[in-house]
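Here are the chains, one letter per residue:
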Amino acid sequence: MGMRLRRISVFDAVNMLFLLVLCLAVVIPFWYMLTVSLSPVSESLGGRFYLIPEQLNFEAYRYLFSTDRFVRSIGNTVYITVVGTAVNLLVSITLAYALSKKTLPGRKLLLLLMLFTMVFSGGLIPKYLLIKSLGLLDSYWALILPGATNAFTVLVMKTFFQSLPESLDEAARIDGAGEPRILLSVVIPLSMPIIATFSLFFMVAHWNEFFGAIIYLSDNAKWPIQVLLRLMVVAGEANIASENNLDFELASKVGDNVKMAAIIVAMIPIVVVYPFLQKHFAKGAMLGSIKE
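Residues numbered from 1 in each chain as written. Predicted model: local features only at pLDDT ≥ 70, side-chain atom pairs only at ≥ 80, totals over all residues. Heavy atoms only, no water.

## Focus on the overall build of the chain
As a reminder of what qualifies: Secondary structure follows DSSP: runs of H or I at least 4 residues long count as helices, runs of E at least 2 residues long count as strands, and numbering of each begins at the N terminus. Between two residues, a contact is recorded if the distance between any of their heavy atoms is within 4.5 Å. The Shrake-Rupley method, run with a 1.4 Å probe sphere, supplies the accessible areas, and residue values consider only the shown protein chains as cover.
Regarding its fold elements, the chain presents 15 helices and 0 strands. A fraction of 75% describes how many contacts in the chain between residues 6 or more apart in sequence connect residues 24 or more apart. Surface accessibility of the chain: about 17700 Å² in total, with carbon and sulfur atoms responsible for 69%.

Structure, rendered in structure tokens:
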């Protein structure tokens, strides 16, 4: 018995050590970016690593938010994320609810067509030509409408809706509720866990929009933050301000720290939103444990 307890304790110690190393491997790069962003340009250009900056310096953040280009890119990303997530939820929820009804005419054909899209795709060039023919080039809708929903999301939501008790649906119909009222008043409140989960997926996808923006948006004034980050980090252009709005004295004091500051600013919104959606995940576990 004692040998067994000893083996368990050794396993727990090794497991905790492994998880600690894994956690440090994830946290240290983010901490490094934060310290560099708060360091003077002389320290950030030196390539040295500090757990704590020797001198707190917010010039990189002040420089970023003094440039119209960076602030505008943040606004573009917020717009794409909010509108895109709303469109994703609207299309996905309504389509999944309709397909969850076995009396829907052509239901099997629609499911087959959706499954077909999970295996085959038209490719990038036909997609570009389609968006061009629809007049969506250089428009935010080119980033939103093509991905309004996907087969995986609809199928998972459909399965969840079908798992809800039919007695609730029947009770609502007896009270005179129609399909829109049942969806809004019965189905959606009970489906908040899965809706919150996919909302987070949609938000992260739209916030990290990069490839589509490069292909479909030729106007750099409409670029989201990820495209600007690529310009700063990969292309090495720390000077992102236009000459009309550039503080040359301030721009001379920034270097790698402004790149790290831009990455930190781009990460914060998703990190802040996640805790508010996490409570629905826990609620979903409790909801799934309730049996009739």
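## Remarks on the nonpolar core
Note on soluble globular proteins: their nonpolar side chains tend to be buried together. What counts here: In these notes, a set of buried Ala, Val, Leu, Ile, Met, Phe, Trp, Tyr and Cys residues joined through side-chain atoms within 4.5 Å is what counts as a nonpolar core. For every residue, the accessible area obtained with a 1.4 Å probe (protein chains only) is divided by the maximum for its type, and the residue is called buried under 20%, exposed over 50%, and partly exposed between those limits.
Membership of the largest hydrophobic core comes to 23 residues, with the highest contact counts inside it found for Ile93, Tyr97, Met157, Phe161, Ile182 and Val187. Those residues within four positions of Tyr97 in sequence are excluded, and the remaining contacts are Phe161, Asp169, Glu179, Ile182, Leu183 and Val187. Counting residues in each nonpolar core, the second largest holds 22 residues, with Leu38, Ile74, Val258 and Ile264 among its members.

## Details of a nonpolar patch on the surface
The following threshold applies: Without a salt bridge and with relative accessible area above 30%, a residue can belong to a patch; like charges are then joined within 9 Å and nonpolar side chains (Val, Leu, Ile, Met, Phe, Trp, Tyr) within 5 Å. The term salt bridge refers to a pairing of a side-chain nitrogen on Lys or Arg with a carboxyl oxygen on Asp or Glu at a separation within 4 Å.
Judged by side-chain polarity, Leu112, Leu115, Phe116, Met118, Val119, Phe120 and Phe152 come together as a nonpolar surface patch covering roughly 760 Å² of accessible area. In terms of residue count, the dominant contributor to the nonpolar patch is helix H5 (residues 107-119) (5 residues). Residue position: Met118 is located in helix H5. According to the relative accessible area criterion, Met118 is partly exposed, its value standing at 46%.

## Let's talk about helix H10 (residues 179-190)
Note the following rule: Here, expected helix span is obtained from the residue count minus one, scaled by 1.5 Å. Arc definition: it is the arc formed by the directions from the helix axis to the C-beta atoms.
Its 12 residues give H10 an end-to-end C-alpha distance of 15 Å, which sits within 8% of 16 Å, the value for a rise of 1.5 Å per residue. Within H10, the full set of buried residues consists of Ile182, Leu183, Val186 and Val187. Buried residues along H10 cover an arc of 130° about the axis, so they all sit on one side. In H10, the exposed positions that point more than 90 degrees away from the buried face belong to Pro180, Arg181 and Leu184. Tucked into the core, H10 has its buried residues touching helix H4 (68-99), helix H8 (151-163) and helix H9 (166-174).

## Overview of unusual backbone geometry
Although it is not a glycine, Asp138 sits at a positive phi angle of roughly 60°. Mapped onto the secondary structure, Asp138 falls in the loop between helix H6 (124-133) and helix H7 (141-144). On the basis of relative accessible area, Asp138 is assigned to the partly exposed category, the value being 24%.

## Comments concerning the side chain of Ser191
Along the chain, Ser191 turns up in the loop between H10 and helix H11 (192-207). Residue Ser191 is classed as buried on the basis of its relative accessible area of 0%. Excluding residues that lie within four positions of it along the chain, Ser191 makes contacts with Phe160, Phe161 and Leu164.

## Quick look at the environment of Leu200
Along the chain, Leu200 falls in helix H11. Along the primary structure Leu200 and Val273 are separated by 73 residues, whereas in three dimensions their C-alpha atoms are 8.4 Å apart.

## Notes on the pattern of salt bridges
For the coordinates displayed, the defined rule picks out 3 salt bridges. For Asp169, the salt bridge identified is with Arg173, shortest N-O distance 2.5 Å. Residue Asp169 and its partner Arg173 are located together in helix H9, separated by 4 residues, close to a single helical turn. Owing to a relative accessible area of 14%, Asp169 belongs among the buried residues under this scheme. For the salt bridge of Glu179 with Arg173, the shortest nitrogen-to-oxygen distance reads 2.5 Å. Given the relative accessible area of 31%, Glu179 is considered partly exposed. One salt-bridge network, held together by shared partners, links Lys101, Asp169, Arg173 and Glu179.

## What about the packing of aromatic side chains?
The line we're drawing: Each pair of aromatic rings taken from Phe, Tyr and Trp, with Trp reduced to its six-membered ring, is defined by centres within 6.5 Å and is described as stacked if the planes are under 30 degrees apart, edge-to-face if over 60, and tilted in the remaining cases.
In this structure the tally under the stated criterion is 8 aromatic pairs. Taken together, a centroid distance of 6.1 Å and an interplanar angle of 15° make the contact between Tyr128 and Tyr216 stacked. Linking Tyr128 in helix H6 with Tyr216 in helix H12 (residues 211-216), this pair joins segments that are 88 residues apart in sequence. In this structure Tyr128 comes out as partly exposed when scored by relative accessible area, which is 30%. Through a chain of ring-to-ring contacts, three or more aromatic side chains come together here, namely Phe152, Phe198, Phe201 and Phe202.

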